[in-house]
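Next come the chains, spelled out residue by residue.
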Amino acid sequence: FAVGSFLAGCAVLLGSVTRLQNLFGLGGTEKLIAALISAGIMVAMGTTPWYSAKLAGADPVAVVPNTKYHDDARMLLAIYIVVTFANVILPVRSVVIWVVPITAVFGYVA
């Protein structure tokens, strides 16, 4: 979850730097922020042992040593925090930021 938080922090920094807004333009900066947040969500999902095994194509029951503690609560809370943060705090228009919740839902379902 640290990598996802780091990417979210990078997105905040990108949004506040006017030099980057002058370089990429407002639309380009917003798209870059949405891409960083979406990448952070996907990376955060891959850090849990259960989903890492599923992403690698292995059987999670056989690979993860302690399967009785398989719990999605922490991962879902982290994803919820990042999505809420992106929608409430970041200065990005709703036309662009809709990618973030869609990434979270499809990433979790897959």
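Look up a bit, the structure's there.
Residues numbered from 1 in each chain as written. Predicted model: local features only at pLDDT ≥ 70, side-chain atom pairs only at ≥ 80, totals over all residues. Heavy atoms only, no water.

### Overview of the environment of Gly46
When you line up the elements, Gly46 lands in helix α2 (residues 18-46). Beyond its immediate chain neighbours, meaning those up to four positions away, Gly46 contacts Ser52 and Leu55. (Helix = DSSP H or I, 4+ residues; strand = E, 2+ residues; numbered from the N terminus. Contact = heavy atoms within 4.5 Å.)

### Description of the pattern of salt bridges
Using the criterion set out here, one finds 1 salt bridge in the structure. One salt bridge in this structure joins Glu30 and Arg93, with 2.7 Å as the shortest N-O distance. Separated by 63 residues along the polypeptide, Glu30 in helix α2 and Arg93 in the loop between α5 (73-88) and α6 (94-97) bring together distant segments of the chain. Given the relative accessible area of 3%, Glu30 is considered buried. (Salt bridge = Lys/Arg side-chain N within 4 Å of Asp/Glu carboxyl O. Buried < 20%, exposed > 50% of the residue type's maximum accessible area, 1.4 Å probe, protein only.)

### Quick notes on the packing of α5 against helix α7 (residues 99-109)
In the contact formed by α5 and α7, the axes pass within 9 Å of each other and the chain directions differ by 165°. Considered as vectors, α5 and α7 are oriented roughly antiparallel to each other. Like other packed secondary-structure pairs, α5 and α7 cross with a definite hand, here right-handed. Contact residues: Met75, Leu76, Ile79, Val83, Ala86 and Asn87 in α5; Val100, Pro101, Ala104 and Tyr108 in α7. Of the residues belonging to the contact of α5 with α7, the class tally is 9 nonpolar, 1 polar and no charged. (Axes fitted to C-alpha atoms, helices over the stretch in contact; angles between N-to-C directions. Parallel < 35°, antiparallel > 145°, perpendicular 65-115°, else oblique. Left-handed = near helix turned anticlockwise from the far one by under 90°. Nonpolar A, V, L, I, M, F, W, Y, C, P; charged D, E, K, R; others polar.)

### Focus: the nonpolar core
Ile37, Ile41, Ile79 and Val100 are the most contacted members of the largest nonpolar core, which totals 19 residues. Looking at this core, the elements that each hand over two or more residues are α2, α3 (49-56), α5, α6 and α7. Residues contacting Ile79, with those up to four places away along its chain left out, are Ile41, Met45 and Ala104. (Core = buried A, V, L, I, M, F, W, Y, C linked by side-chain atoms within 4.5 Å.)

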